[in-house]
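An overview of the molecular structure
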There are 2 protein chains.
Amino acid sequence: MPLDERKKNILKAVVDDYIATAEPVGSKALVNRYHFNVSSATIRNEMAELEEQGYLEQPHTSAGRIPSDKGYRAYVDSLLQVEDLTAAEEEKIRVVMRDSLDELTGMIRTASTLLSEKTGYTSLALSPKLNHSHLQQIKMLMIEPGRALVVVVLSAGVVKDRLARVPEVLDASQLVQIAAAIEEGLSGMKLDDITLVTVATAARNIRLPENLLNQVMYEAYVAIKQADNLEVYMEGSHKLLSYPEFQDVHKAREYLDILNRDGIIAGYMTELKEQPLMIDGDAESGSDGQIKRSPTRPQASYVVRIGQEIMLEGLTDCSFVTTTYKMGDVVAGRIGVIGPRRMAYGKVISNISFIKQILNEEIRRLTTGEDRMEVHQK
Amino acid sequence: MPLDERKKNILKAVVDDYIATAEPVGSKALVNRYHFNVSSATIRNEMAELEEQGYLEQPHTSAGRIPSDKGYRAYVDSLLQVEDLTAAEEEKIRVVMRDSLDELTGMIRTASTLLSEKTGYTSLALSPKLNHSHLQQIKMLMIEPGRALVVVVLSAGVVKDRLARVPEVLDASQLVQIAAAIEEGLSGMKLDDITLVTVATAARNIRLPENLLNQVMYEAYVAIKQADNLEVYMEGSHKLLSYPEFQDVHKAREYLDILNRDGIIAGYMTELKEQPLMIDGDAESGSDGQIKRSPTRPQASYVVRIGQEIMLEGLTDCSFVTTTYKMGDVVAGRIGVIGPRRMAYGKVISNISFIKQILNEEIRRLTTGEDRMEVHQK
DNA sequence: AATTAGCACTCTAAGCTCGAGAGTGCTAAT
DNA sequence: ATTAGCACTCTCGAGCTTAGAGTGCTAATT
């Protein structure tokens, strides 16, 4: 059975209040703080029903109610009104993003830092997945005998480089020659399709002793593959300690341990799919307890995972709000926020949406070369 | 008055015990756990004197003693015996360090990570100060019209690069030409001595419209200056939450806040001097309370700052152990550990000393080009 | 003179009780 | 359908008590 208007209002008020205060919300407090034209007894009845339907929980019998995962879910999906940022806030984000280096990972880092600053939670960002990019150039620059810088340029306009050891007997021109051959043979190929074999094929006509060539080829291969290394940027992980739900040091530690454990977050964010999440209606409330997405936000461009939905041991008191950013037309990576379940969803969503938008714009600017020729300043 | 042998032993036992348990140490516990051939009453008298002289403190009248800053200082300076790492531990460090990328900052990061892992505390590292290095090469590689990669090679064998915007009308050969001119004009100069003016002088003979040239020169200049950017690597800042002294969330948060506050740590580590620290003997105990450095460790190559000595608000419950690493013969940067004052100094010092040594070796290997031609593996 | 046994004293930490207060669910009246 | 009223429940903090660890001092011992 869908919630009637009044229940929705009450649920919304409870969630709002709990988000603001972190204290269980009682019927009286609700009547006082919000303007329902009914008595606390009525509210009590409604709250009891909301609890029965699984939207609210009681920490103990004589306490107020707090939202359950399902309650937050309903709140996020259809009750919350997301306000736009103020012009000033938008401007600040624009300025900071524009001042970040003309470089992809720098931008993403900046976006992540901004997100953490603006929301007060921990921000996370995944470096772009470039395996569908095409190799455009590969250059080798001799630094000194035995060492070379391998520069890989991808179709997306992304530049990666790597210092490599090369045989000392090679001179700069030989190196350039090898790089040219590899570039000619491979350019236009998708990163995914490049293997040691294809590299070798590209270089087969070089007239050099095989063992020398092999080493250089290998380094080229590594440099190319490394261009697609997945990285995770995290900012503000300590900010969570301010929130009452992490006052218990054990919780806080568990939380920080998980965030710092290699690969967990990266893996999780990589797996995350945009698809709408199925809420398991539990046996009692039946599967009809679901709430439809508000028609005013037909295709939200962010994903919210609340509490248990995260499915990561130890983060059940948290919520995840993420979104993707694009390079060209293809989803390249993900950026988001993790914080207490009792998160200021409205603020987070408006910030994340806007930052995503600006990030996409900046990336487009970067990768298409369309450009403002700004005046440099110190 | 210097401490007699028994007092030293007692002080050492107290510090050892307190480091191990985080509990104030009483006279009885001391007699039980260590084998003094005297009664607890004697120990009590001795401890009272040690307190009078400022080496120990009492949290409250009927508790055991804990070391004061001065007590720790004495412990570190002359009581502590630093054991070498086991062969296995040394080997592990060697292996990890050797497997790190052939790149300076990567090595320092690896060293920092290792340090945190091996000690269980937060590790800190400062990127090398390169302002005394000489410019060796500067190359510009056209990525696409309007964008170029500026590669800066320093005398130390350090390579830094940076994506730059250049006027779209420039072609690759013009760019190479400009870079060559700048390189010719500047190579051999100290980073410190390079200014916009010297760059301009180097490029004065290029026949290009001034506004185009200016932009490229500016980018070259920025790339060169940026090669010496100071960076701080921090690893394992969350590990501190495990220790009882940070069970109080406010303390923990304060601690993490400071570590994450931009510039504080960088500034502090930059300022740190190797000079032996003056202990202010307070009025009561007189200035003769100082303890001479043990002759067996005539010039310890590390700096220990304990509690108040750190002189950073909010870190008074911490200790800092740092050391420097070199490039060539000149001190380049600093690497260290921050943890609770009740720190396992022995373990930290042996690890830091060894890691410093290996780091120096690896840097030498890197910067002199002296090399093992290892077999590459996936 | 140094050491030690003995003891009174101090202080904390943990456990306990208890009452205030907030909140609930239920019933009966509106 | 709503609400006033009320008995009931539960938590939280204050205040109290006690066990135990540790001390400092004194007087006896070596």
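Our subject in this report is the structure included herewith. (Residues numbered from 1 in each chain as written. Chains lettered and ligands numbered in written order. Predicted model: local features only at pLDDT ≥ 70, side-chain atom pairs only at ≥ 80, totals over all residues. Heavy atoms only, no water.)

**Remarks on the relation of the copies chain B and chain A**
Overlaying chain B with chain A gives an RMSD of 0.1 Å, the required rotation being 180° about an axis along which the chain moves by 0.0 Å. Here the copies are linked by what is in effect a two-fold axis. When each C-alpha of chain B is compared by its distance to the rotation axis, Val249(B) comes out closest, at 3.1 Å. By residue overlap, the copies meet face to face through one surface: 100% of the interface positions of chain B are interface positions in chain A. (Least-squares fit on C-alpha atoms with pLDDT ≥ 70 in both. Contact = heavy atoms within 4.5 Å.)

**Here's the deal with the interface of chain B and chain A**
In this complex, chain B contributes 45 residues to the contact, which on the side of chain A involves 46 residues. The junction of chain B with chain A conceals about 4,000 Å² of combined surface from both sides, 57% of it contributed by carbon and sulfur atoms. Counting across the chain B and chain A interface gives zero salt bridges. At the junction of chain B with chain A, the criterion picks out eight residue pairs in polar contact (both at pLDDT 80 or more). Top contributing element to the side of chain B that touches chain A by residue count: helix 10 (residues 249–260) of chain B, with seven residues. (Buried area = accessible area lost by both parts, 1.4 Å probe. Salt bridge = Lys/Arg side-chain N within 4 Å of Asp/Glu carboxyl O. Polar contact = N/O pair within 3.5 Å; in protein donor to acceptor, adjacent residues only side chain to side chain. Helix = DSSP H or I, 4+ residues; strand = E, 2+ residues; numbered from the N terminus.)

**Some remarks on the sheet that holds strand 9 (residues 318–327) of chain A**
Residue and element names in this part refer to chain A. Pairing within the open sheet is antiparallel, and its five strands lie in the order 7-3-10-9-8. Only two strands of the sheet have a single neighbouring strand rather than two, namely strand 7 (232–235) and strand 8 (302–306). Sheet twist, expressed as the average angle between the axes of neighbouring strands with direction ignored, equals 20°. Strand direction decides the pairing type here: strand 9 and strand 10 (residues 330–340), joined by ten bridges, are antiparallel. Counted as the bridge partner of Thr 323 is Ile 335 from strand 10. Strands strand 3 (122–126), strand 7, strand 9 and strand 10 of the sheet are contacted by helix 6 (residues 104–119), whose axis makes an angle of about 160° with strand 3. (Pairing = 2+ DSSP bridges. Axes fitted to C-alpha atoms, helices over the stretch in contact; angles between N-to-C directions.)

**Some remarks on the pairing of strand 4 (residues 135–144) of chain B**
All names here are of chain B. Of all ten residues in strand 4, eight are buried, a share of seventy percent or more. Sheet topology note: the strand 4/strand 5 (residues 147–154) ladder contains eight bridges and is antiparallel. Residue pairing for strand 5: Met 142 is matched across the bridge by Ala 148. Connecting the antiparallel pair strand 4 and strand 5 is a turn made up of two residues, with Gly 146 showing a positive phi of about 95°. (Buried < 20%, exposed > 50% of the residue type's maximum accessible area, 1.4 Å probe, protein only.)

**Observations concerning the protein's contact with DNA strand C**
Surrounding DNA strand C, one finds 20 residues, the nearest of these being Ser27(A), Ser39(B), Thr42(B), Thr61(B) and Ser62(B). Counting only atoms of DNA strand C within 4 Å of the protein, the sugar-phosphate share comes to 75%. The side chain of Arg6(B) places a nitrogen or oxygen atom 3.0 Å from a phosphate oxygen of DNA strand C. The contact in question runs from a phosphate oxygen of DNA strand C to an N or O atom on the side chain of Thr42(B), over 2.4 Å. Element by element, the count of residues in the surface near DNA strand C is highest for helix 3 (residues 40–52) of chain B, at four residues. (Near = heavy atom within 4 Å.)

**A word on unusual backbone geometry**
For Met311(A), which is not a glycine, the phi torsion comes out positive at approximately 60°. If you trace the backbone, Met311(A) turns up in the loop between strand 8 and strand 9. Taking the relative accessible area as the measure of exposure, Met311(A) reaches 70% and is therefore exposed. Of note in this structure, Ala22(B) is not a glycine but carries a positive phi near 65°. Tracing the chain through its elements places Ala22(B) in the loop between helix 1 (5–21) and helix 2 (27–33).

**As for the nonpolar core**
Tyr345(A) and Tyr345(B) are the most contacted members of the largest nonpolar core, which has 232 residues in total. Among residues more than four places away in sequence, those in contact with Tyr345(A) are Ile19(A), Tyr72(A), Tyr75(A), Val76(A), Leu80(A), Val304(A), Ile306(A), Ser319(A) and Val321(A). The next biggest cluster of nonpolar side chains, apart from the first, holds 14 residues, and it includes Leu149(A), Val151(A), Val151(B) and Leu163(B). (Core = buried A, V, L, I, M, F, W, Y, C linked by side-chain atoms within 4.5 Å.)

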